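A structural walkthrough
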Amino acid sequence: MPQANKPSLEKLQALRGMADLLPSQTSLWQQIEVKAREHFHRSVISELRTPLLEQTQLFSRGIGEATDVVGKEMYSFLDKGDRSCTLRPEGTASVVRASIQHGLLKQGPQRFWYSGPMFRYERPQAGRQRQFHQIGLEYLGFNNPCSDIEVISIAWDLLEDLGLTDLTLELNSLGSNEDRVTYREALLSWLEERKNDLDPDSLNRLYTNPLRILDSKVKSTQTLLREAPTLSEYLSADSINRFERVKTGLEALEIPYTLNPRLVRGLDYYSHTAFEITSSQLGSQSTVCGGGRYDKLIEQLGGPSTPAIGWAIGMERLALLLTQNNPVPNKSIPEIYIVNRGVTAEPFAIVVGRLLRQSNHKVELDLSGSAFSKQLKRADRSGARWALLIGDNEAEEEKVILKDLKTIPSKDSQEEPIKLEILMRQFN
RNA sequence: GCGGGCGUCGCCAAGUGGUUAAGGCAGCGGCUUGUGGCGCCGCUAUUCGGGGGUUCGAAUCCCCUCGCUCGCCCCA
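Everything in this summary refers to the structure shown in the same document. (Residues numbered from 1 in each chain as written. Chains lettered and ligands numbered in written order. Predicted model: local features only at pLDDT ≥ 70, side-chain atom pairs only at ≥ 80, totals over all residues. Heavy atoms only, no water.)

This part takes up the packing of aromatic side chains. If you walk through the whole model with that rule in mind, you get 7 aromatic pairs. Ring plane angle 35 degrees and centroid distance 6.2 Å describe the contact between Phe40 and Trp311, whose orientation is recorded as tilted. You can see Phe40 sitting in helix α1 (residues 23-42) and its partner Trp311 sitting in strand β11 (residues 308-314), a full 271 residues away along the chain. Comparing Phe40 with Trp311, the two get one shared label, buried. (Phe/Tyr/Trp six-rings, centres within 6.5 Å; stacked < 30°, edge-to-face > 60°. Helix = DSSP H or I, 4+ residues; strand = E, 2+ residues; numbered from the N terminus. Buried < 20%, exposed > 50% of the residue type's maximum accessible area, 1.4 Å probe, protein only.)

In this section: the environment of Pro145. Relative to the helices and strands, Pro145 is located in helix α5 (residues 145-161). With residues near it in sequence (within four places) discarded, Pro145 still touches Arg242, Arg245 and Val246. (Contact = heavy atoms within 4.5 Å.)

For Glu73, the location among the structural elements is in the loop between α3 (68-72) and β3 (75-78). When the C-alpha atoms of Glu73 and Gly383 are compared, they prove to be 46 Å apart, with 310 residues separating the residues in sequence. Not counting residues up to four positions away in its chain, the partners in contact with Glu73 are Asp68, Phe119, Arg120, Tyr121 and Glu122.

Attention shifts here to the pairing of strand β12 (residues 336-341). Taking burial as the measure, the 6 residues of β12 include 5 buried ones, the bulk of the element. Note that β12 and strand β13 (residues 363-365) share 3 bridges and pair parallel. Paired with Ile338 across the strands is Leu365, a residue of β13. Of the pairings in the sheet, the one linking β12 to strand β14 (residues 386-391) comprises 6 bridges and is parallel in character. Each residue of the ladder has a partner; that of Val339, found in β14, is Leu389. (Pairing = 2+ DSSP bridges.)

Strand order in the open sheet made by the 5 strands is β13-β12-β14-β15-β16, with mixed pairing throughout. Of all the strands in the sheet, just β13 and β16 (418-419) have a single pairing partner and so form its edges. Pairing analysis gives 4 bridges linking β14 to strand β15 (residues 399-404), with the strands arranged antiparallel. For Leu388, the partnering residue across the bridge sits in β15 and is Leu402. Together, β12, β13, β14 and β15 form the strand contacts of helix α12 (residues 345-358), whose direction differs from that of β12 by roughly 165 degrees. Here helix α13 (residues 372-382) sits on the sheet and contacts β12, β13, β14 and β15; the angle it forms with β12, its principal contact strand, is near 170 degrees. (Axes fitted to C-alpha atoms, helices over the stretch in contact; angles between N-to-C directions.)

Have a look at this one:
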């Protein structure tokens, strides 16, 4: 018998699929972000920041109505002006929109990077949240296969530099849009003859997005598809030539790749080069980085016909991999811990702490007012190199006691108080 | 959206129908009203994610719900 809900005193908690990043995680994230910025900086790529919220149309038109992302995963709602708004499910569409809106493409080819939260309404599991974070790269106005190579190598080098091993670069060419139209027809008629052997999911896709059937993980469907026409057979000479140049370039950089003819990717806008960087250590959500070329998207969104290519790295998955290799989270450790107690000592300790911080030292000030022994114990546990002891006796003479926490204390060693100026000279 | 597993203190974790819900770590206080690595002592869950039910009695059984997790799907 169903009961009425009484949520009156329910605990407040984050929404499903929305994770807090606690201090044990944030230092790792910061390291990733710093490293990524370095790589972007060295390749002369500018940051672009766009709103989290966009018109729903941007995504339905850009990503494709038939895709899962648009069809069932968007966080959409009507605002007070009855406009349909959507929390961005990915970054590319927004970057393209901003570039068109501000006429950036008229200034020639652009290299952009972005980072931030994305939202997809999905069932959470390892490496998949409803709010997740991506760092992404978009090269707008580049057609040369060398741009594909540069874009891929930036992702590869960044991940390697972060210490990841065991990565696989999966590569495919989706050909031009014309190639795909031809192939789509061929595949469709081939599949129609074998309708009865398809699994239900694939059957649903038959007329909406037949290429995605290639990606099916259903065994019987996979077996069936072994005989199916492949996209590579339908690539034009130009497309093949283009793909060869990308492969040759990667070889020159000694970036290993695996050809995966079934790599189709879920967003409609991809053409030619499509790739994913995967790790076997991630469980079923194995893609750390995914991307590809999208030569028709900009035009489709109302901009000038402009070729482009980009990728996105999933921060949570990246952090997951780095945590596996390096399970000890860094805690923030002070250099100097200030022990203080007393009506004169406490305000003086704040002054001393500020002076030291202004001299660029990492200082933790004990704010408890508890006994010296307690504070010293905390100083020791904090991992600080130095303790500064300030009681009323010292404060009245503007002195402090400096203690080296790395040495073992002898029973009755009493340190001499030193003048503040002397201390500051030492910590300059 | 579908299927499996799980949910006891900040963290780890015992308890599987019967008096006060082990223990460890961390935290706080004391031994030491001004001196740290150790030690000892004490404190910290009227409550077992939440709600309802069964029962003389439930953390333990049942139902609903929330969340986590694994797989499917999909993707970063």
